[in-house]
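In case you want the letters, here they are:
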Amino acid sequence: LFNAVENYKSGIQKKLIVYSIPNHDAIQLVYGKESLMISDSGFNANDRKIQFHIQSNLWSLNSNCSFINYNEMADNYKTETIFFHKNFIQFCNKKIILIKDNASVPMHSQKDKLEIDYAIYCNNANPELGRIADNMNVKNIIISSVKNNWTRKQIESYCKEMKINFFDVKNKAVILKI
């Protein structure tokens, strides 16, 4: 009976996980017994880092994981629960943007701002925070473990001022049920 309950739970799980891995970005989208790890090529190519940092979590999630380099994300990638377009991800009705640099923040008019559920700062990105406010309504900002302390403080202060939920993965992974 216990195994049946665990199989059922793992079959319906939907999670966004941003791992705390020094000098790397690792974002996992978990949907049932499948998951997708979006990370930098330095992490994807290093089996020892994968085993040390995330393997036990992959086992506990009871999911098959595929890996993709976020710098090589296809312009259009689509599965039943995930859709990519450039640095935008649609996952289980949540809109996610990976902010890798200033070019990652699209330009929109004030009245046509993009509605974003999660903005994830990765790749040591340091875009102008005002540019985000001008172009997007962001509900949550997640900072990957790559950011330096000064940038972290700037983003945290901005989030408090704008009343945006803030998650920092410097010391601990962020696991959000979707």
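Going by the structure above, here's the rest.
The shown structure was predicted, so the numbers you read here are calculated from the model rather than taken from an experiment.

Q: Would you explain the sheet that holds strand β12 (residues 174-177) in this entry?
A: Note on sheets: strands pair through backbone hydrogen bonds, and any given pair is parallel or antiparallel. One open sheet accounts for 5 strands, arranged β4-β3-β2-β1-β12; its pairing is mixed. The sheet terminates laterally at β4 (64-69) and β12, the two strands that pair on one side only. Neighbour-to-neighbour, the strand axes of this sheet turn through a mean angle of 15 degrees, independent of strand direction. Bridge analysis of strand β1 (residues 14-18) against strand β2 (residues 26-31) gives 5 bridges, and the strand direction is antiparallel.

Q: Would you explain the sheet that holds strand β5 (residues 77-78) in this entry?
A: Ordered in space as β5-β6-β7-β8-β9-β10-β11, the 7 strands form an open sheet in which the pairing is mixed. The sheet terminates laterally at β5 and β11 (165-168), the two strands that pair on one side only. As paired elements, β5 and strand β6 (residues 82-85) share 2 bridges and run antiparallel to each other. From the neighbouring strand, Lys-78 faces β6, where its bridge partner is Phe-83.

Q: Looking at this model, I keep getting lost on the side chain of Arg-152. Mind explaining?
A: As for its position among the elements, Arg-152 is in helix α6 (residues 149-162). Judged by its relative accessible area of 4%, Arg-152 falls in the buried class. Side chain to side chain, Arg-152 and Asp-168 meet in a polar contact 2.6 Å long.

Q: How do you make sense of the side chain of Gln-13 when you look at a structure like this?
A: Mapping Gln-13 onto the fold places it in the loop between α1 (2-12) and β1. A relative accessible area of 10% means that Gln-13 is categorised as buried. When near neighbours in sequence (up to four residues on either side) are disregarded, Gln-13 contacts Val-30, Tyr-31, Gly-32 and Leu-61.

How each quantity is defined
Residues numbered from 1 in each chain as written. Predicted model: local features only at pLDDT ≥ 70, side-chain atom pairs only at ≥ 80, totals over all residues. Heavy atoms only, no water. Pairing = 2+ DSSP bridges. Helix = DSSP H or I, 4+ residues; strand = E, 2+ residues; numbered from the N terminus. Axes fitted to C-alpha atoms, helices over the stretch in contact; angles between N-to-C directions. Buried < 20%, exposed > 50% of the residue type's maximum accessible area, 1.4 Å probe, protein only. Polar contact = N/O pair within 3.5 Å; in protein donor to acceptor, adjacent residues only side chain to side chain. Contact = heavy atoms within 4.5 Å.

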